[in-house]
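# Summary of the model geometry
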Amino acid sequence: MRIHQVNDYREMSQKAASIVSSQVILKKTSVLGLATGSTPEGMYHRLIEMYHEGIADFSQITTFNLDEYLGLSPQHPQSYHYYMNQHFFEHIDIPATNINIPPGKIENSENVCREYDKRIAASGGIDLQVLGIGVNGHIGFNEPDQYLNVGTHVVDLTEETIETNSRFFTSREEVPRQAITKGMGSIMQARRVLLLASGKSKAQAIRDTVNGKVTTRVPASFLQLHPQFILVLDKEAASLL
Ligand code: F6R
């Protein structure tokens, strides 16, 4: 595990963007695992700047997003499809055919999930997986539970996650109750994992992730077992370490 501690959100975003861009510079055909949420917004912003500055070229990368809400169409402003287009994809030169995001409108979830895992495997596997972390230690939508899933699966969101994510919706009732997410196995199989966290609200989850026992009650704690686990934390997120 390697921890980079920085001062604030801006520095976290810059450091994260430099790790992602180095990956892409070293291997133009990199396969990236991507996350949404408020944490990586600044990283995407910096990556777009690097693209315009001619530092980063995304024309040959392939991406696999972590998750999507179930029931939301790609055009819904709170869908992760919409987020990714708005914050990253429509500003860079990635071909649309290289973008993979779990679909939010599905009929046969079993098939859709197996298909997503197969596509990741067929791409050669994830070179660098970017993650945020929930205040309860979730990664993707792998929520604290007695058991965790290995592959891509459909999950019921916890009350805590519904509450936390309601800030993005006009009311709590509008927050979808289910999501489709990569499983712990899909995340752990990435060659490198980059977890970003900013702010006091993440401090306890970061402490449990870095220093706690490996437990399904804190899904991110499994990352202690990953041989190439990188954390970029601002002062507040690292304040309980
Ligand atoms: C997003 C995701 C989630 C978020 C986490 C933190 O694709 O998988 O696990 O990373 O909920 O969200 P923010 O960054 O909004 O605090």
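Preceding this paragraph is the structure being described.
Conventions and cut-offs
- Sequence order sets the numbering: in each chain, residues are counted from 1 along the sequence as written.
- Whole-chain, interface and lining totals are the exception, using all residues; otherwise, since this is a predicted model, local features are given only for residues with pLDDT of at least 70 and side-chain atom pairs are given and counted only at 80 or more.
- Water and hydrogen atoms were dropped before computing side-chain values, which therefore reflect all heavy atoms in the structure.
- Numbering of helices and strands runs from the N terminus; a helix is a DSSP stretch of H or I covering at least four residues, while a strand is a stretch of E covering at least two.
- Put simply, the radius of gyration uses C-alpha atoms, and a globule should come to 2.2 Å times the residue count raised to 0.38.
- Note on classification: 1.4 Å probe, protein chains only; a residue is buried when its accessible area is under 20% of the maximum for its type, exposed when over 50%, partly exposed between these limits.
- In what follows, a contact means two residues having at least one pair of non-hydrogen atoms within 4.5 Å.
- The method behind every accessible area is Shrake-Rupley, applied with a 1.4 Å probe, and residues are considered shielded solely by the protein chains displayed.
- For this analysis, a nonpolar core means a set of buried residues of the types Ala, Val, Leu, Ile, Met, Phe, Trp, Tyr and Cys, connected via side-chain atoms within 4.5 Å.
- Patch building starts from residues that exceed 30% relative accessible area and form no salt bridge, then joins like charges within 9 Å and nonpolar side chains (Val, Leu, Ile, Met, Phe, Trp, Tyr) within 5 Å.
- For salt bridges, the criterion is a side-chain nitrogen of Lys or Arg within 4 Å of an Asp or Glu carboxyl oxygen.
- Throughout, near means a residue has at least one heavy atom within 4 Å of the molecule or strand.
- Each polar contact in these results corresponds to two N or O atoms within 3.5 Å; when the atoms are within protein, one needs to be able to donate a hydrogen and the other to accept it, and residues that are neighboring in sequence are counted only if both atoms are side-chain atoms.
- With a 1 Å grid spanning the protein atoms alone, the term cavity applies to any set of points in which a 1.4 Å probe fits but cannot get out, the term pocket to an open set with protein on both sides within 12 Å along at least five of seven lines, and the term lining residue to any residue with an atom within 4 Å of a point.
- Put plainly, a molecule is in a cavity or pocket when over half of its atoms are within 2 Å of the grid points there.
- Following the grouping adopted for this structure description, the nonpolar residues are Ala, Val, Leu, Ile, Met, Phe, Trp, Tyr, Cys and Pro, the charged ones are Asp, Glu, Lys and Arg, and the polar ones are all others, Gly among them.
- Any two strands between which DSSP finds at least two bridges are classified as paired.
- Structural elements are reduced to axes, namely lines fitted to C-alpha atoms, with helices fitted over the stretch in contact, and the angle between N-to-C directions of any two is expressed from 0 to 180 degrees.
- In what follows, roughly perpendicular refers to angles from 65 to 115 degrees, roughly parallel to angles under 35, roughly antiparallel to angles over 145, and oblique to any angle outside these ranges.

### Details of the overall build of the chain
If you tally the helices and strands in the chain, you get 7 helices and 10 strands. Computed over its C-alpha atoms, the radius of gyration of the chain comes to 17 Å, within 12% of the 18 Å expected for a compact globule of 241 residues. With respect to the three principal axes, the spread of C-alpha positions in the chain is 45 × 45 × 35 Å. Residues counted as buried form 52% of the 241 residues belonging to the chain. Considering only contacts in the chain between residues 6 or more positions apart, those separated by 24 or more positions represent 79%. Here the chain has roughly 10,800 Å² of accessible surface; of this, 49% comes from carbon and sulfur atoms.

### Digging into the nonpolar core
M43, L47, F88 and L194 are the most contacted members of the largest nonpolar core, which has 30 residues in total. For this core, the secondary structure elements donating two or more residues are α1 (9-26), β2 (31-34), α2 (41-52), α3 (80-87), β6 (128-131), β9 (192-197) and β10 (229-234). Considering each element in turn, this core owes the most residues, 6 residues, to α1. Not counting residues up to four positions away in its chain, the partners in contact with L194 are A16, I19, V20, L128, Q129, V130, L131, I230 and V232.

### Details of a nonpolar patch on the surface
On the surface, M1, I3 and L241 cluster together into a nonpolar patch covering about 260 Å² of accessible area. Among the structural elements, I3 can be located in strand β1 (residues 2-6).

### Topic: the site of the ligand
Around the ligand, the surrounding shell holds 14 residues, and the nearest of these are T39, D67, H138, G140 and K202. Side-chain polar atom of T36 to an oxygen atom of the ligand: 2.8 Å apart, as the coordinates give it. Contact distances for the ligand include 2.7 Å between an oxygen atom and a side-chain N or O atom of H138. Protein chains shield 94% of the accessible area of the ligand, which is 410 Å² for the free molecule. Taking a 2 Å distance to the grid points as the criterion, the majority of the atoms of the ligand fall inside the largest pocket. In terms of residue class, the shell around the ligand is built from 3 nonpolar, 8 polar and 3 charged.

### Quick look at the sheet that holds β10
Ordered by their spatial adjacency, 7 strands build an open sheet running β1-β10-β9-β6-β2-β3-β5, and the pairing between neighbours is parallel. Unpaired on one side and paired on the other, β1 and β5 (99-100) mark the two borders of the sheet. Here α1 sits on the sheet in contact with β1, β2, β6, β9 and β10, set at roughly 165° to β9.

### Focus on the sheet that holds strand β8 (residues 178-181)
Read from one edge to the other, the open sheet built from 3 strands follows the order β4-β8-β7, with strand pairing classed as antiparallel. In this open sheet, the two strands that pair with only one neighbour each are β4 (67-69) and β7 (153-156). The sheet shows a mean angle of 25° between the axes of neighbouring strands, taken without regard to direction. Alignment of β7 against β8, held across 4 bridges, turns out to be antiparallel. Within β8, the residue paired with V154 across the bridge is I180.

### Things to note about the packing of α2 against α3
It is at 10 Å that the axes of α2 and α3 come closest, and there the two elements cross at 40°. Of the possible angle classes, the one that applies to α2 and α3 is oblique. Along its contact with α2, which presents E41, Y44 and I48, the element α3 presents Y83, M84 and H87.

The values reported here are purely geometric and, on their own, carry no functional implication.
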